[in-house]
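In case you want the letters, here they are:
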Protein chains: 2
Amino acid sequence: MESSELKKAGLKVTLPRLKILEILERNPAWHMSAEDVYKELLSQNEEIGLATVYRVLTQFEAADIVKRHQFESGKAVFELISKGEHDHIVCIKTGVVEEFHDPIIQERIAKIAEEHGFDMTDYSLVIYGISRDTCGVR
Amino acid sequence: MESSELKKAGLKVTLPRLKILEILERNPAWHMSAEDVYKELLSQNEEIGLATVYRVLTQFEAADIVKRHQFESGKAVFELISKGEHDHIVCIKTGVVEEFHDPIIQERIAKIAEEHGFDMTDYSLVIYGISRDTCGVR
DNA sequence: ATTCCTGCAAATCATTTGCATTACC
DNA sequence: GGTAATGCAAATGATTTGCAGGAAT
């Protein structure tokens with residue numbers, strides 16, 4: 001049950017938090033903005049304010065339940081952390097997001113941080129391009 | 001002379017544009033936000049509005065004179081493109097930005113884009129961490 | 001002269017916050 | 001019942017835009 005995840009994070013189990021968690025789990029492929037989550041709630045006739053969505057997502061981030069990404073679009077998107085580490089490749093036309101994982105890159109990144117005398121806390125790698133599949137060919 | 005760069009981009013040669021270009025060139029190590037540039041202008045007693053700074057930086061971006069980066073800080077930072085390609089390593093305590101360049105990573109990135117059927121237009125790689133040098137040890 | 005550029009103030013967008021009310025344990 | 005969470009509206013911070021006046025070619 002999902003409520004245990006919330007308790008473990010020291011968050012009271014409330015309807016908004018459960019609903020938002022459920023929406024994120026139902027959209028495994030998609031990286032959702034706060035607005036996206038809010039619209040989804042509206043379409044389910046849930047009376048949850050946008051401010052609450054922001055608050056909950058921020059709490060989830062602090063609790064390592066979701067990860068916040070800043071792609072080029074200006075608005076932050078969130079995804080569940082549950083699935084293992086991965087990076088992103090984003091279509092600049094359609095917004096489609098795919099994921100990848102490359103041990104060679106990760107190893108190099110760790111080495112570079114070390115060489116620069118940094119204790120790495122995180123990194124962000126996003127490839128931007130045009131998906132030949134979904135954008136038709138030219 | 002810098003004015004040729006502006007003309008080539010189809011931009012009229014004006015005082016604000018020259019001043020901003022000069023400031024970016026004088027701060028080679030630093031990645032400046034619009035606000036940073038604006039403050040620097042003020043300290044030089046230049047009567048240039050913040051809106052103009054934003055407009056000029058956006059035009060420079062479109063003309064491939066500068067690159068816009070969205071680090072985690074919430075505000076965009078800009079740097080001259082002139083220097084070759086490089087990626088960034090950012091100290092989350094001090095905001096210090098260092099640069100690096102790794103052909104192995106770039107090669108892998110190109111390959112990954114290819115494998116996913118993307119025509120890569122760009123990518124963004126930022127390492128976050130704590131700089132042992134500038135943050136003292138603990 | 002014409003067209004493009006600038007400054008200012010007001011507008012917009014994403015996100016955050018204050019406060020009175022409500023829901024959990 | 002008491003504390004923490006929510007909804008709403010107003011506040012904030014970064015960036016953009018409308019418009020009238022000014023500069024560059």
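Please refer to the structure placed before this passage.
Nothing here was measured: the structure is a model prediction, and the numbers come from that model.

What counts and what doesn't
- Residues numbered from 1 in each chain as written.
- Chains lettered and ligands numbered in written order.
- Predicted model: local features only at pLDDT ≥ 70, side-chain atom pairs only at ≥ 80, totals over all residues.
- Heavy atoms only, no water.
- Axes fitted to C-alpha atoms, helices over the stretch in contact; angles between N-to-C directions.
- Helix = DSSP H or I, 4+ residues; strand = E, 2+ residues; numbered from the N terminus.
- Parallel < 35°, antiparallel > 145°, perpendicular 65-115°, else oblique.
- Contact = heavy atoms within 4.5 Å.
- Nonpolar A, V, L, I, M, F, W, Y, C, P; charged D, E, K, R; others polar.
- Least-squares fit on C-alpha atoms with pLDDT ≥ 70 in both.
- Near = heavy atom within 4 Å.
- Polar contact = N/O pair within 3.5 Å; in protein donor to acceptor, adjacent residues only side chain to side chain.
- Expected span 1.5 Å × (residues − 1).
- Buried area = accessible area lost by both parts, 1.4 Å probe.
- Salt bridge = Lys/Arg side-chain N within 4 Å of Asp/Glu carboxyl O.
- Pairing = 2+ DSSP bridges.
- Buried < 20%, exposed > 50% of the residue type's maximum accessible area, 1.4 Å probe, protein only.

Enquirer: Looking at this structure, how should I read the packing of helix α2 (residues 15-26) of chain A against helix α3 (residues 34-43) of chain A?
Expert: To characterise two packed helices, one gives the angle between the axes of the helices and the distance between these axes. All names here are of chain A. α3 packs onto α2 with a crossing angle of 105 degrees between their chain directions and a minimal axis gap of 10 Å. By the criterion of interaxial angle, the relationship of α2 to α3 is roughly perpendicular. Here K19, I20, I23 and L24 of α2 come into contact with α3, specifically with V37, E40 and L41. Here the contact of α2 with α3 is composed, by residue class, of five nonpolar, no polar and two charged.

Enquirer: It is not clear to me how the relation of the copies chain A and chain B should be interpreted in this structure. Could you clarify?
Expert: Between the two copies of the chain lies a rotation about an axis combined with a shift along it. For the pair chain A and chain B, the relating rotation is 179 degrees, the translation along its axis is 0.0 Å, and the fit reaches an RMSD of 0.2 Å. Here the symmetry operator amounts to a two-fold rotation axis. For chain A, the minimum C-alpha distance to the rotation axis belongs to L125 of chain A and amounts to 2.2 Å.

Enquirer: Please explain the protein's contact with DNA strand C as it appears in this structure.
Expert: Residues in contact with DNA strand C amount to 19 residues; listed here are only the nearest, Y54 of chain A together with T14, R17, E47 and T52 of chain B. Taking R55 of chain A, its side chain carries an N or O atom lying 3.3 Å from a base oxygen of DNA strand C. Elements supplying a minimum of two residues to the surface near DNA strand C: α4 (50-62) of chain A together with α2 (15-26) and α4 (50-62) of chain B. At four residues, α4 of chain A tops the list of elements feeding residues into the surface near DNA strand C. Class assignment for the residues of the surface near DNA strand C results in nine nonpolar, three polar and seven charged.

Enquirer: For this particular structure, what's the right way to read α4 of chain B?
Expert: The α-helix advances 3.6 residues per turn, and as a result positions three or four apart in sequence lie on the same side. Under the 1.5 Å per step criterion, the end-to-end length of α4 of chain B is 19 Å for 13 residues, consistent within 8% with the ideal 18 Å. Once α4 of chain B ends, the next one or two residues include D64 of chain B, with phi positive near 60 degrees.

Enquirer: Just checking my understanding: could you explain the interface of chain A and chain B for this structure?
Expert: Interface extent is often summarised as the accessible area lost during association of the parts. Between chain A and chain B, the residue contacts involve 34 residues of the former and 34 residues of the latter. Here chain A and chain B share an interface that buries about 3,200 Å² over both sides, 60% of which is from carbon and sulfur atoms. Ranking the residues of chain A by area buried against chain B places H116, F118 and R132 of chain A at the top, with a combined share of 20%. At the surface where chain A touches chain B, the tally comes to six salt bridges. Linking chain A to chain B there are 18 residue pairs in polar contact (both at pLDDT 80 or more). When contributions to the side of chain A that touches chain B are tallied by element, the ones reaching two or more residues are β4 (87-91), β5 (97-100), α5 (103-115) and β6 (118-131) of chain A. Here the element with the most residues in the side of chain A that touches chain B is β6 of chain A; it accounts for 14 residues.

Enquirer: Where do I start with the protein's contact with DNA strand D in this structure?
Expert: The environment of DNA strand D is made up of 19 residues, and the closest members are R17, E47, T52 and R55 of chain A together with Y54 of chain B. Taking all atoms of DNA strand D within 4 Å of the protein, the share assigned to sugar and phosphate is 69%. Side-chain polar atom of K75 of chain B to a phosphate oxygen of DNA strand D: 3.3 Å apart, as the coordinates give it. Within the residue set of the surface near DNA strand D, elements represented by two or more residues are α2 and α4 of chain A together with α4 of chain B. If you tally residues by element for the surface near DNA strand D, the top one is α4 of chain B, at five residues.

Enquirer: Got a minute to help me understand the sheet that holds β6 of chain A in this structure?
Expert: Backbone hydrogen bonds hold the strands of a sheet together, and the pairing may be parallel or antiparallel. Strand order in this open sheet of six strands is β5(A)-β4(A)-β6(A)-β6(B)-β4(B)-β5(B), and the pairing throughout is mixed. Taken across any chain shown, the strands that pair with only one partner, and hence form the sheet edges, are β5 of chain A together with β5 (97-100) of chain B. Strand-to-strand, the axes of this sheet are offset by a mean angle of 25 degrees, without reference to chain direction. Looking at chain direction, β4 of chain A and β6 of chain A are connected through four bridges and run parallel. Across the sheet, the residue bridging to H88 of chain A is V126 of chain A, located in β6 of chain A. In the packing of helix α5 (residues 103-115) of chain B onto the sheet, the strands contacted are β4, β5 and β6 of chain A together with β6 (118-131) of chain B, and the crossing angle to β6 of chain B comes to about 135 degrees.

Enquirer: Please clarify how the pattern of salt bridges should be interpreted in this entry.
Expert: Two side chains of opposite charge can pair, provided their charged atoms sit close to one another. Overall, the coordinates contain 16 salt bridges over all chains when judged by the stated rule. With its nearest N and O atoms 3.0 Å apart, the salt bridge here joins R132 of chain B to E114 of chain A. Residue R132 of chain B is located in the segment after β6, and its partner E114 of chain A is located in helix α5; the two belong to separate chains. We classify R132 of chain B as partly exposed; its relative accessible area is 29%.

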